[in-house]
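Fold and contact review
Residue strings, one per chain:
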Amino acid sequence: MNVILRRHRNRKNGKLDGIPASPKSKKNKGKRFSSSSYHSSSAAQEFLQLPLFKDTPVGERNDLFLKKLQQCCIVFDFSSTNPDNKGIEQKRSTLNELIDYVSNNNGVIFEQVYPESIKLLQSNAVRCLPPIEDNREDFDVDEDEPNYEPNWPHLQLVYEYFLRLLESPDFQPSVCKRYCDQKFVLQIMTLFNSEDPRERDLLKTMLHRIYGKFLGFRAFIRKNINYIFLRFVFENEPFNGIAEFLEILGSIINGFAVPLKQEHKHFLARVLIPLHKPRLMSMYHAQLAYCIVQFVEKDASLTESIILGILKFWPKTNSPKEVMLLGEIEEILDIIEPGQFKKVIQPLFKMLARAVSSPQFQVAERALYFWNNEYIMSLIEEHNQEILPIMFPALYKISKEHWNQTIVALVYNVLKTFMEMNNVLFDELTLSYKAERQKERRREIQREEAWDKVVKRADSTQNSTA
């Protein structure tokens, strides 16, 4: 809680845990910046050409290792009109050598390497990220290109080096923890807001390794992921790394012990399920659905609250989102227990009746595909007495009135399936539906006759006064 309050105060003061916040002005509102900004330009320093590890005596390699790490803290400006190409190439070569040295040698990691490696990552990666556009509904993940980081040729190698360090058999978390604190972890998590998907992908792997290596940071990482999610959902604060965080959480949830702790159930109800609310759900829905299914597999008793939670955020005018949620519901029904299915029949099939009645044919088609799933069909057949009365009016009306012939054909197949399941109930519902429609027609005729009488009386009154 103290960390969150401190972050909140720092945000008010224009900082985020030592990282200056991006300046906001009316002039820059809505503008997409092409690169990040670092604390200061260190490219003015000369990048010295140090000897190679293979050309250095074994006894001197530790000192050379530290010097190379310190040299690589120099940051070059790739977006400059006059870049230092020689220094850029020397740094690239040095970083590749560091990666190879840590990956292919044993016993080369000693205590002084940890603080210098953290300093290397902070110097090259921790920076002010460009502001995100407030209005991103038009952004297409598959077609629109994100803003790529100009410094990526060096930044990628820095991340690769740090990952090799974390994955090395010589890595000692107990020693590294003296130099790796919560502030450093928070800086790594802040970088998930980068627009470059390549950077977020490497950060995802890095944070996952940190979560696995440092037991003391696990609760802190989960808490801050929750904090970012809650701001994204309830404060409409844009964040680029939601999908990557959910992917990490998918692995974490998979490792939860059964029975689930109350903390994990609260996380599901208060954080994960509300993530179905934002308009930009398409950017992370696959990862979110995986997390939700993991909870259903871990604890079947959560199924009812999960389905009701998703139905609570069901869209009314967003067809692509509705199609995605129908797919997620089917994934849940694929593994639902029969006892849990019975609890959600009423709200679930009322929603499906509305979905199959949708004039948007993709929504109707996706809902009707539920009847192609063998396991779901077995559950429907077992509870057809309760489900058929809910679905029949919508299906019968669509079969007569829907504009899309593909949907009509699918509806006829569903009606045929219901008729084979329970012929007697199907005939009763058909007669009842037709009788109800006749009553509606009679009421409509009576309404029209009553209005005709009113019009005639008004006309006669007007003529008599004239």
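Higher on the page you've got the structure.
A brief look at the structure comes next. (Residues numbered from 1 in each chain as written. Predicted model: local features only at pLDDT ≥ 70, side-chain atom pairs only at ≥ 80, totals over all residues. Heavy atoms only, no water.)

Moving on, we get to the overall build of the chain. In terms of helices and strands, the chain carries 21 helices and 2 strands. A burial count over the chain gives 48% of its 466 residues as buried. Restricting to contacts in the chain with at least 6 residues of sequence separation, those with at least 24 account for 77%. Working note: accessible area of the chain is about 24,700 Å², and carbon and sulfur atoms make up 49% of it. (Helix = DSSP H or I, 4+ residues; strand = E, 2+ residues; numbered from the N terminus. Buried < 20%, exposed > 50% of the residue type's maximum accessible area, 1.4 Å probe, protein only. Contact = heavy atoms within 4.5 Å. Areas by Shrake-Rupley, 256 points an atom, 1.4 Å probe, with all protein chains shown as cover.)

Before going further, it helps to examine helix H9 (residues 218–234). With 17 residues, H9 should reach 24 Å at 1.5 Å per residue; the first-to-last C-alpha distance of 24 Å fits that figure. Counting buried positions over the 17 residues of H9 gives 12, a clear majority of the element. Along H9, the positions that sit buried rather than exposed are Phe220, Ile221, Arg222, Asn224, Ile225, Asn226, Tyr227, Ile228, Phe229, Arg231, Phe232 and Val233. Directly beyond the C-terminal end of H9, a positive phi value near 55 degrees is found at Asn236. (Expected span 1.5 Å × (residues − 1).)

Before going further, it helps to examine the nonpolar core. Leu272, Phe349 and Phe418 are the most contacted members of the largest nonpolar core, which has 139 residues in total. Per-element accounting of this core gives the leading share, 10 residues, to helix H5 (residues 152–167). (Core = buried A, V, L, I, M, F, W, Y, C linked by side-chain atoms within 4.5 Å.)

Let's shift gears to the packing of aromatic side chains. The geometry of an aromatic ring pair is captured by the separation of the ring centres together with the interplanar angle, meaning the angle of the planes. Evaluated as defined, the whole model comprises 22 aromatic pairs. For the ring pair Phe53 and Tyr101, a centre distance of 3.8 Å and an interplane angle of 5 degrees mean the geometry is stacked. Remark: Tyr101 occurs in helix H3 (residues 85–104) and Phe53 occurs in the loop between strand E2 (19–20) and helix H2 (61–71); sequence separation between them is 48 residues. Since its relative accessible area comes to 4%, Phe53 is described here as buried. Using a relative accessible area of 6% as the deciding quantity, one classes Tyr101 as buried. Pairwise contacts between aromatic rings join Phe53, Phe65, Tyr101 and Phe110 into one cluster. Geometry around Phe53 places Lys68 over its ring, the cationic atom sitting 5.4 Å from the centre. Here the guanidinium or amino end of Lys177 rests over the ring plane of Phe217, the centre of that ring lying 5.7 Å away. (Phe/Tyr/Trp six-rings, centres within 6.5 Å; stacked < 30°, edge-to-face > 60°. Lys NZ or Arg CZ within 6 Å of the ring centre and 35° of its normal.)

As a further point, take the state of the cysteines. Under the defined criterion, the tally for this structure stands at 0 disulfides. Cys176 provides the cysteine sulfur closest to Cys180, a residue in no disulfide bond, and the two sulfurs are 5.0 Å apart. (Disulfide = S-S within 2.5 Å.)

The values are spatial; any link to function lies outside them.
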